[in-house]
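Reading the structure
Next come the chains, spelled out residue by residue.
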Amino acid sequence: MAPEYGATIGFFPIDEETLNYLRLTGRDGERVTLVETYMKEQGLFRTSDSPSPVFSDTLALDLGQVEASLAGPKRPQDRISLSNAKRSFHEALPGMMKQKPAPGEASQPVRVRDGGLNHGSIVIAAITSCTNTSNPSVMIGAGLLAKKAVALGLAVKPWVKTSLAPGSKVVTDYLRAAGLIEALEKLKFHVVGYGCTTCIGNSGPLAEEVARTVKEKDLVAVAVLSGNRNFEGRINPLVRANYLASPPLVVAYALAGAINVDLTQEAIGRDRAGKEVYLRDIWPSQQEIRQAMHVLTDEMFR
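This section reports on the structure supplied with the text. Quick caveat: nothing in here was measured; it's all calculated off a predicted structure. (Residues numbered from 1 in each chain as written. Predicted model: local features only at pLDDT ≥ 70, side-chain atom pairs only at ≥ 80, totals over all residues. Heavy atoms only, no water.)

Another aspect to go through is the packing of aromatic side chains. Across all of its chains, the model carries zero aromatic pairs by this definition. The ring of tyrosine 278 has arginine 280 lying over it, and the distance from NZ or CZ to the ring centre is 4.4 Å. (Phe/Tyr/Trp six-rings, centres within 6.5 Å; stacked < 30°, edge-to-face > 60°. Lys NZ or Arg CZ within 6 Å of the ring centre and 35° of its normal.)

Moving on, we get to unusual backbone geometry. A cis amide bond links glycine 72 with the next residue in sequence, proline 73, at an omega value of 10°. In this model, lysine 188 sits at a positive phi of 75°, which is unusual for a non-glycine residue. By the secondary structure assignment, lysine 188 is in the loop between helix H6 (181–186) and helix H7 (208–216). Backbone geometry at aspartate 218 places phi at a positive 55°, although glycine is not the residue there. (Helix = DSSP H or I, 4+ residues; strand = E, 2+ residues; numbered from the N terminus.)

All chains considered together, the criterion is met by eleven salt bridges. Notably, a salt bridge pairs lysine 86 with glutamate 266, separated by 2.7 Å at the nearest N-O pair. Here lysine 86, found in helix H3 (residues 85–96), pairs with glutamate 266, found in the loop between helix H8 (247–256) and strand S7 (269–270); they are 180 residues apart in sequence, far enough to count as distant. (Salt bridge = Lys/Arg side-chain N within 4 Å of Asp/Glu carboxyl O.)

On to the pairing of strand S3 (residues 122–127), then. Of all six residues in S3, six are buried, a share of seventy percent or more. Relative to strand S5 (residues 221–225), S3 runs parallel, the two sharing four bridges. Its bridge partner being in S5, alanine 125 is matched across the sheet by valine 224. Two elements, S3 and strand S4 (residues 161–164), share four bridges in a ladder whose sense is parallel. Bridge pairing links alanine 125 to threonine 162 in S4. (Buried < 20%, exposed > 50% of the residue type's maximum accessible area, 1.4 Å probe, protein only. Pairing = 2+ DSSP bridges.)

Have a look at this one:
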């Protein structure tokens, strides 16, 4: 990956937590000891009292300023804060329309309604990618969010094509052990395979009636996926706006059914009693995620 960020080589120091990860994921003791010994000899094992390395340049990141974000609608490097996703889509919409709006209309949200579909409707919501779906915390987070949503009676919008394609079969094992696979399936996030799917356009065709409406109304339809590629024309030929998101946000947007819903301020749906439900009502806490992750064992990975 180093050439992708403009470098010839990347130094990746490790610490005790890295060794814990190796043990958890089924590496034997001899391999873990080899890694630890080698990295210490190379000066790449970090502890609290390790000497500070000398860099020609440094970057600082204030974790307190990190916020939920997406990337899109056409490039993985175009970060959009979650709170600005709705406005950003409306700003980008005129440029993505085949039939350009008349002068003076470009700044106005364009709405075309036909069976629930309009500009900004999400027609693909995919938990996918070999990389992001190998992170247990975000996958369990998606499962917990789904479980909370199902408990309240929320459902994925009927025009959204959903899929769950983990990077490893162990994901299915720990989601099942944590009691979360059922909730994901109730929201139509069934396991469709393992490895590359939506990132390389392998989500398959849209439902016939959805595809017909998108073409007839010239709609700018949307895909939200947890992958790492969203270049124009890559996801689906009928989807012009593609956004990268974390697995829990993919589930959330499938419930909302549209990118032009401000998940930080607007309701994501209604519960069985008709009460509005917001993203904050179903977003799992870090404590809930950590507790659910106790089901992971090294035997699963072996």
